[in-house]
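Close look at the chain arrangement
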Amino acid sequence: RFSETGERAFVDDAGTVFPLRIPLTVKTTYLDVSAGWKFAASEPGSRLVTYAGAGVGRVTYKESSSFAQPGDDFDAETTSYHVLVGTEVRVLQWLSVSGDLRYRWVPDLLGAGGVSAAFDENEFGGFHLGVGLRVGFGGRRLRTTRPEDDDNMAPSVPRDAAQVPGARTNF
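All residue numbers refer to positions counted from 1 along the written sequence of the respective chain. Only residues with pLDDT of at least 70 get local features here, since the model is predicted, and only at 80 or more are side-chain atom pairs given and counted; chain-wide, interface and lining totals rely on the full set of residues. Excluded from the side-chain calculation are hydrogens and water; included are all heavy atoms of the structure.

Quick look at the overall build of the protein chain
Counted only if it meets this: By definition, any uninterrupted DSSP run of H or I lasting at least four residues is a helix, any uninterrupted run of E lasting at least two residues is a strand, and each is numbered from the N terminus. Buried, partly exposed and exposed residues are distinguished by accessible area as a fraction of the type maximum, computed with a 1.4 Å probe on protein chains only: under 20%, between the cut-offs, and over 50%, respectively. Working rule for contacts: check all heavy atoms of both residues, and any pair within 4.5 Å makes them a contact. Only the protein chains shown count as covering a residue, and every accessible area follows the Shrake-Rupley method with a 1.4 Å probe.
Along its length, the protein chain carries one helix and six strands. Beginning at the N terminus, the succession of helices and strands in the protein chain can be written as β-β-β-β-β-α-β. Every one of the 171 residues in the protein chain was classed for burial, and the buried ones make up 18%. Sequence separation of 24 or more characterises 53% of the internal contacts of the protein chain that already satisfy a separation of 6 or more. When the accessible surface of the protein chain is split by element, carbon and sulfur atoms take 55% of a total near 13300 Å².

Written out as structure tokens, the structure is:
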């Protein structure tokens, strides 16, 4: 979510901006779905994992004033697209701290009227930095060593049939 306050403005044909001293609140809500790939660390036992992905989302954008006239407020919803890269640091076996950099494109949201049309602004998006916590539930555990590197593994020895209960032996 993003929220900002300011004031409404008027732009004349020459491009001069006139503040109208009418309070304005802008609110934006993002809902993203991403798919990507995690890249394991090159050193065994490392707590650092990087990832990259892309996705699609939905953006809700609202401009409102407390005493706006009909047609003054603006409310729109549209599809967005994004790419992201990030890093995750494992704090506990089930808990990680993450940070990612995302670039979001939001076409066809602005530019139809008002100040955005006067300045030919039609792209609403850009870079976003995010920080979060990731909680893991279940899943498979990754080995920290490869089997061929493990000196403690005992060789597999077949059991004697006489020692297996219920096994038939021919004497």
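Let's pick the thread back up.
Describing the nonpolar core
Side chains of a nonpolar character, in soluble globular proteins, are inclined to be buried together. Using the following cut-off: Definition used in this section: a nonpolar core is a set of buried Ala, Val, Leu, Ile, Met, Phe, Trp, Tyr and Cys residues joined via side-chain atoms within 4.5 Å.
With eight residues, the main nonpolar core is built from Leu 24, Val 26, Val 59, Tyr 61, Ala 76, Val 106, Leu 109 and Phe 124. Secondary structure elements with two or more residues in this core: β2 (17-39) and β3 (48-64). Apart from residues no more than four positions distant in its own chain, Ala 76 is found in contact with Val 59, Thr 60, Tyr 61 and Leu 109.

Quick word on the confidence of the model for the protein chain
Spelled out, the test is: pLDDT is defined as a per-residue confidence score from the predictor, taking values between 0 and 100.
Looking at the protein chain, the pLDDT average stands at 78 and 71% of residues meet or exceed 70. Within the protein chain, no element has a lower average pLDDT than helix α1 (residues 114-118), which sits at 57, and none a higher one than strand β5 (residues 95-105), at 94.

Let's talk about the pattern of salt bridges
Rule in force here: By definition, a salt bridge exists where a carboxyl oxygen of Asp or Glu is found within 4 Å of a side-chain nitrogen of Lys or Arg.
Under the defined criterion, the tally for this structure stands at six salt bridges. Across the salt bridge formed by Asp 100 and Arg 102, the nearest N and O atoms sit 3.8 Å from each other. Taking the relative accessible area as the measure of exposure, Arg 102 reaches 15% and is therefore buried. Residues participating in the shared-partner salt-bridge network are Asp 32, Asp 100, Arg 102 and Arg 104.

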